[in-house]
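# Structural description and commentary
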Amino acid sequence: MSSTPTGTPQTRTAENVRPLALLGGIPAFAEPLHVGRPNIGSRQRLHERLDEIIDRRWLTNDGPLVQEFEQRLSDWIGVRHAIAMCNGTIGLEIMIRAAGLQGEVIVPSFTFVATVHALMWQEIQPVFCDIDPVTHSLDPERIEELITPKTTGILAVHTWGRPAEVERLQAIADRHGLTLLFDAAHAIGCSRGGRMVGGFGAAECFSFHATKVLNCFEGGAVTTDDDRLAERIRFMRNFGFAGKDRVEYLGSNGKMNEMSAAMGLTSMDSLTEFIATNRRHWELYRDRLEALPGLSVFEHDSNEHHNYHYVVVEVDAQQAGLSRDEIVRMLEVENVLARRYFYPGSHRMQPYRSLQPQAYRVLPHTEALCQSVLTLPTGTAVTTEAIERICERIGTALQEADAVRARLVESAADRTV
Ligand SMILES: *Cc1c(COP(=O)(O)O)cnc(C)c1O
C-alpha cells in the first residue's frame, strides 16, 4: 500500500534519506497539500439530489432537503431542534442574539476569530478568558474572576472537537445567572459522557463549511432543546417573519439553500467513513510523531465518539531542536501547508488588538499555545503514504536541526535584500 518504508525515520540509514527540499532536495510533493481539503461523499447521490431540486423548482426557503437535513441532524444528536443556517458565523450571530446576550460575554481568544467577531458584530464586548493547556478549551478556573455586573453569558468552544468542560461551565453559568452557549464548529459527531455535542448549554452552533468534517459547501446549524429559543432562532433566520406579512422580531437572512442541504445530506451518508479514515490517519500521525523528540499529538478520549478531523501537534522547541515556525517553514518548501491555528490569537487580531491591548496579560496559556501548535493535512483527500512521507520529512528535519535552522536564517536574510 505504501511505497515508503514503515520504520520510524530515526531507524533509517543516512543513504536512504532524501535531502530536505529546504536543503536542496526535491519537494516531497509536487502539488501543495492543504489542511481542510473537503471530504466528498457519493457523487451520484449528490447529482440525484441536485436533479430533484431542479425538478421541484424549490431552491431555498425551508425546502424539503433542508427539512430532511434538520431532521436527521436532530435525530442523530438527540436534541429537539436543529435549525440549519447559511453558515456557522451567521448561526453564531443569530444564536447569540436570540439568546438575549448583551453587555459582556466571556469567550476564549484561542479560537477561530469568527467566534469573537460574532459577539463584536452586535456590539457585545468579548471578554477574553484563558484556556486549559491540556484541553485547549476555556479554563473553568479562570472564568469567575472575569464576571462583572455587565456579563450576560459564556460562549465556549469545543476546540478541535474535544468537548469543553460542559458540567463545570454550566455550574458557573447557573451560579451567576449567565447563559451558556457553545461554538461547536469543530465538534459534529463528538460526545461527552456518551451524550452527543449539540445538546449542551442553552444552544450550540455547528459549522458545515467546506473545510469541516461534514460540509454543505457553506452551512451551519444551531441546535437546542429549548422550544422558545428555537422558535426565536427560526424567526430571526427568516427576517423575523412569524407568518405571512407578520414580522415579530428583528431578523436577518440565515437560511440554508437546497443545494447546500443536498451536499450536507450526501456528506452525512458517508460521515462514518470520513471519520474512520480520519481516525486511521490520526493514529498513524500519533504513532510516527510521538516517536520523535519534543512532539505531541493532541489527544482524544477513546471511550467517546470523536471525528478526528484535526491533527494538532504541539512542538516543544527545546526538546525537538526546531521551533513550530521552523517546522512549518521547512514543510512549506516540501509543499506541505501546515497551519498555525489559531495564531496569533484573536486578542492579537483587529479590532481586539487596539481595543484591548492589555488582554495578553491574562492569557499566558493562549499565548504559549499560539507559538507551539501546528495542524497537519488529513481527511479523505490525503493518503496514508502521504502521511508517512510528511512524518518522515519532519523526522529528518529534527535530525538535521542545525542545518535546517541555519538555512532558514540565511533565507530570511535573503528575503530582506
Ligand atoms: C469554521 C469556524 C467558524 C465559522 O464557521 P463558518 O461556517 O465558516 O462561518 C466558527 N468558529 C469556529 C471555531 C470555526 O472553526
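Below you will find a few notes about this structure. (Residues numbered from 1 in each chain as written. Predicted model: local features only at pLDDT ≥ 70, side-chain atom pairs only at ≥ 80, totals over all residues. Heavy atoms only, no water.)

Let us look at the overall build of the protein chain. Looking only at helices and strands, the protein chain has 14 helices and 16 strands in total. On C-alpha atoms alone, the protein chain measures out to a radius of gyration of 23 Å, which is about the 22 Å that the 2.2 N^0.38 rule sets for 417 residues. Along the first, second and third principal axes, the C-alpha set of the protein chain runs to 75 × 55 × 45 Å. The burial tally for the protein chain puts 54% of its 417 residues in the buried class. When contacts within the protein chain are restricted to residue pairs at least 6 apart in sequence, those whose partners lie at least 24 apart make up 70%. With the model as given, the accessible surface of the protein chain reaches about 18500 Å², and the carbon-plus-sulfur share is 50%. Positive and negative charge centroids in the protein chain, built from 42 and 54 side chains respectively, lie 3 Å apart. (Helix = DSSP H or I, 4+ residues; strand = E, 2+ residues; numbered from the N terminus. Rg over C-alpha atoms; globule rule 2.2 N^0.38 Å. Buried < 20%, exposed > 50% of the residue type's maximum accessible area, 1.4 Å probe, protein only. Contact = heavy atoms within 4.5 Å. Areas by Shrake-Rupley, 256 points an atom, 1.4 Å probe, with all protein chains shown as cover. Lys, Arg positive; Asp, Glu negative; His and termini not counted. Charge placed at Lys NZ, Arg CZ, Asp CG, Glu CD.)

Looking at where threonine 266 falls in the secondary structure, it is placed in helix H7 (residues 258-269). Those residues in contact with threonine 266 that lie beyond four places of it in its chain are Gly41, Ser42, Arg45, Leu46 and Arg49.

Residue phenylalanine 342 is bonded to the preceding tyrosine 341 through a cis peptide linkage, with omega at 0°. Within the fold, phenylalanine 342 resides in the loop between strand S15 (336-337) and helix H11 (352-355). Between glutamine 350 and proline 351 the backbone carries a cis peptide bond, its omega angle lying at 5°. Mapped onto the secondary structure, proline 351 falls in the loop between S15 and H11. Phi at asparagine 61 takes a positive value of approximately 65°, unusual for a residue other than glycine. Tracing the sequence through the fold places asparagine 61 in the loop between helix H1 (43-56) and helix H2 (64-77).

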